[in-house]
Amino acid sequence: MVNSIGAYFAMGGYAVYVWPAYGIATAVLGGLALYAWQRYRDSVRSLERLQRQLGPRR
Amino acid sequence: MLSRFANPARFMRISATALPWCAGASAAIIAVGLYLGLIVAPPDYQQGEAVRIMYIHVPAAWMALNAYLFVAVASGVALVWRHPLAEIAARSAAPIGAAFTFVCLATGSLWGRPMWGTWWVWDARLTSVLVLFFLYLGYIALVNGFDDPARGGRAGSILALVGVVNLPIIKFSVDWWNTLHQPASVLRFGKPTIALSMLMPLLVMALGFTLLFVTLLLVRMRTELNERKIRALRLNAMAAPMPTRRRPESAELAPPAALP
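Q: Can you help me understand helix α6 (residues 149-162) of chain B in this one?
A: At 3.6 residues per turn, the α-helix brings residues three or four places apart onto the same side. All names here are of chain B. Between its terminal C-alpha atoms α6 stretches 20 Å, which fits the 20 Å expected from 14 residues at 1.5 Å a residue. Every buried residue of α6 is listed here: Gly153, Gly156, Ser157 and Ala160. Buried residues in α6, looked at end-on, bunch into an arc of 110°, giving them a common side. Elements in contact with the buried residues of α6: α3 (54-81), α4 (84-116) and α5 (124-144).

Below is the structure:
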């Protein structure tokens, strides 16, 4: 079992190419998603704060 | 029909409902695609396990092209009809497309090293995709480079439309020039020249990436609309200072100004 898991992660000798490829994709797309979500949360919060400050106009 | 959805207030309503579904579906489908690509799909008889890079590289490349097409079409709509939502859509989509292009270039490099013996060659396909990446960066720099966002948007839209000539060059570069890059095996006339066990993870990942694009696009467009509203409210508050103190007496004299 340990051996076959080891063999799986070795990717037939291509581990140094396959895993970085998946790692880069995860880092770039995950990072973009995280950043976009944080900016969105910030925008919602400051909009709500601003609307509270300005009072119930409109 | 389209203009019904292109009203910012309606967009905020519809996108609020669609967002969690898109995000959930994207995560689930990418998980299935990773399972199919990393575990179920067999190793290639020539490339061995290195072929698994394809399940990221090729969908990322498709997204890089499709996202650019989206930016260009939205830019065209923004230029011709001056619709604010189209300009926001183009501006919001560009960094997502740039991210997919970067993933495509990086994974391609990691795939080229063991298969071709080089990280990079200046051949038609690779160079035209690098140009696509720089077009994205140029567009992003241009739309953010003006104090007046409307002017930046217009300049960026023109760049995006001019850059469209690069798309057919990328697509057909493998047929027009001799290149290390292999020709298309899925999107070609006639049957795909790829086994079903490898085609499935490819298509599932492509669907997952498309939904990820839509999810990120909605999040970024909502952010942009929120930030514009914040700017408008701040300007309004500055034009009429101390609204909270003035309100009690002025409320009866004049109706409060409507906000955009």
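Q: In this structure, what is going on with unusual backbone geometry? I would like to understand it.
A: Glycine aside, residues mostly have negative phi, and peptide bonds are mostly found in the trans state. With a phi close to 50°, A:Met11 is a non-glycine residue in the positive phi region. Relative to the helices and strands, A:Met11 resides in the loop between α1 (2-10) and α2 (15-54). On the neighbour-count criterion, A:Met11 (19 C-beta atoms within 10 Å) is partly exposed. Within the chain, B:Arg82 stands out as a residue other than glycine whose phi angle is a positive 55°.

Q: Help me out: how do you make sense of the interface of chain B and chain A in this one?
A: Accessible area lost during the coming together of the parts is what is often quoted as the interface size. Contact residues are listed per partner, giving 36 residues for chain B and 27 residues for chain A. Those elements giving two or more residues to the side of chain B that touches chain A turn out to be α3, α4, α8 (196-239) and α9 (243-253) of chain B. Here the element with the most residues in the side of chain B that touches chain A is α8(B); it accounts for 12 residues.

Q: Hey, could you run me through the packing of α2(A) against α4(B) in this one?
A: Two packed helices can be described by the angle between their axes and the distance between those axes. Running from N to C, α2(A) and α4(B) point in directions that differ by 175°, and their axes come no closer than 9 Å. Comparing their axes, α4(B) and α2(A) come out roughly antiparallel. Contacts from A:Tyr17, A:Pro20, A:Ala21, A:Ile24, A:Ala25, A:Val28, A:Leu29 and A:Leu32 of α2(A) reach α4(B) at B:Ile96, B:Ala99, B:Phe102, B:Val103, B:Ala106, B:Thr107, B:Leu110, B:Trp111, B:Arg113 and B:Pro114. Class assignment for the residues of the contact of α2(A) with α4(B) results in 16 nonpolar, one polar and one charged.

Q: When you look at the environment of B:Leu167 in this model, what are you seeing that I'm missing?
A: Residues and elements named next belong to chain B. Among the secondary structure elements, Leu167 is positioned in helix α7 (residues 166-176). The exposure class of Leu167 is partly exposed, given the 18 C-beta atoms found within 10 Å. The spatial distance from the C-alpha of Leu167 to the C-alpha of Asn66 is 9.3 Å, given a sequence separation of 101 residues. In this structure, Leu167 is in contact with Leu65, Tyr68 and Leu69, ignoring residues within four places of it in sequence.

Q: Would you take a moment to explain the nonpolar core for this structure?
A: In summary, soluble globular proteins display a tendency toward joint burial of nonpolar side chains. Counting 73 residues, the largest nonpolar core has B:Ile53, B:Ala60, B:Ala67, B:Val71, B:Ala93 and B:Val103 as its most contacted members. Of all the secondary structure elements, the ones that give two or more residues to this core are α2 of chain A together with α2 (8-40), α3, α4, α5 and α8 of chain B. Contacts of B:Val71, omitting those with residues within four sequence positions, involve B:Ala90, B:Ala93, B:Ala94, B:Gly97, B:Tyr139 and B:Ala160.

Conventions and cut-offs
- Residues numbered from 1 in each chain as written.
- Chains lettered and ligands numbered in written order.
- Predicted model: local features only at pLDDT ≥ 70, side-chain atom pairs only at ≥ 80, totals over all residues.
- Helix = DSSP H or I, 4+ residues; strand = E, 2+ residues; numbered from the N terminus.
- Expected span 1.5 Å × (residues − 1).
- Buried ≥ 20, exposed ≤ 12 C-beta atoms within 10 Å, placed from the backbone.
- Arc of directions from axis to C-beta.
- Contact = placed C-beta atoms within 7 Å.
- Axes fitted to C-alpha atoms, helices over the stretch in contact; angles between N-to-C directions.
- Parallel < 35°, antiparallel > 145°, perpendicular 65-115°, else oblique.
- Nonpolar A, V, L, I, M, F, W, Y, C, P; charged D, E, K, R; others polar.
- Core = buried A, V, L, I, M, F, W, Y, C linked by C-beta atoms within 7 Å.

Function cannot be inferred from these measures alone, as they are strictly geometric.
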